[in-house]
Amino acid sequence: MKQTGGINIKKSIWIAISVILILVIATPFVVIYLLNNGNPYTKYMANKNGPVYLEEQGYKESDIEELHFVEPKHVINKDFYHGHYMVVFRDEPDVMYYYGLTKKDKQVKQFCEKDKLLPNGVIDIFEGETKHSEEKCVNSLENQN
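Predicted model only: the values in this text are computed from it and were never measured. (Residues numbered from 1 in each chain as written. Predicted model: local features only at pLDDT ≥ 70, side-chain atom pairs only at ≥ 80, totals over all residues. Heavy atoms only, no water.)

Trainee: Which residues make up unusual backbone geometry, and what are the values?
Mentor: Backbone geometry follows two general trends: most residues other than glycine have a negative phi, and most peptide bonds adopt the trans configuration. A positive phi angle, near 55 degrees, is found at Lys 106, a position not held by glycine. In this structure, Lys 106 sits in the loop between strand E3 (92–101) and strand E4 (108–110). (Helix = DSSP H or I, 4+ residues; strand = E, 2+ residues; numbered from the N terminus.)

Spelled out as structure tokens, the structure:
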């Protein structure tokens, strides 16, 4: 009996060491994945709610040239999940609109900041009125603390 107990303890120690080694080895890969691809939950929520919101606003698939999840490289408004939903409309291909998802009630809101492609090929942040600007946009750079 004592011998099998000793074997179980040794087996448990080896299992614990193996689990710790796997975690130590896997952690850098997980961190690199998250840095490059963003949080999978945030991406899922943006991809789920973004198209529904645009449809509710009256946009059709034919109105949109490009739409997808993007992970900003800077800190944003803490009331929103970090990932955005980027949209380019067919009738305004030089402007990239960004939509965020609130943490509290999972509501999609348009950010006031847009990226505008200038004639010289440079992308500039723009906050003025455009064809698809919403009246009640949210500043993504407010409430960062």
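Let us keep going from here.
Trainee: Give a detailed account of the confidence of the model for the protein, specifying residues and quantitative values.
Mentor: On average, residues of the protein score 85 in pLDDT, and 92% of them are at 70 or above. Mean pLDDT values for the elements of the protein range from 81 in helix H1 (residues 2–37) up to 93 in E4. (pLDDT = per-residue confidence, 0-100.)

Trainee: Just give me the short version of the environment of Tyr 85, but keep the residues and values in it.
Mentor: Position of Tyr 85 among the secondary structure elements: in strand E2 (residues 84–89). Distance from Tyr 85 to Ile 25, taken between C-alpha atoms, is 32 Å for residues 60 residues apart in sequence. Residue contacts for Tyr 85: discarding those within four places in its chain leaves Ala 46, Asn 47, Gly 50, Pro 51, Leu 54, Leu 67, His 68, Phe 69, Tyr 97, Tyr 98 and Tyr 99. (Contact = heavy atoms within 4.5 Å.)

Trainee: Outline the environment of Pro 51, supporting the account with residue identities and numerical values.
Mentor: Structurally, Pro 51 is set in helix H2 (residues 40–56). Contact partners of Pro 51, with chain neighbours within four places excluded, come to Ala 46, Leu 67 and Tyr 85.

Trainee: Pulling in residues and values, what's your account of the pairing of E2?
Mentor: Within E2, six of the six residues are buried, which leaves it mostly tucked inside the rest of the structure. Both faces of E2 are covered, namely the face carrying His 84, Met 86 and Val 88 and the face carrying Tyr 85, Val 87 and Phe 89. Where strand E1 (residues 64–70) lies against E2, six bridges are found, and the strand directions are antiparallel. The partner of Leu 67 across the bridge, within E2, is Val 87. Note that E2 and E3 share four bridges and pair antiparallel. Across the sheet, residue Val 87 finds its bridge partner in E3, namely Tyr 97. Where E2 hands over to E3, the hairpin turn is made up of two residues, counted between the paired strands. (Buried < 20%, exposed > 50% of the residue type's maximum accessible area, 1.4 Å probe, protein only. Pairing = 2+ DSSP bridges.)

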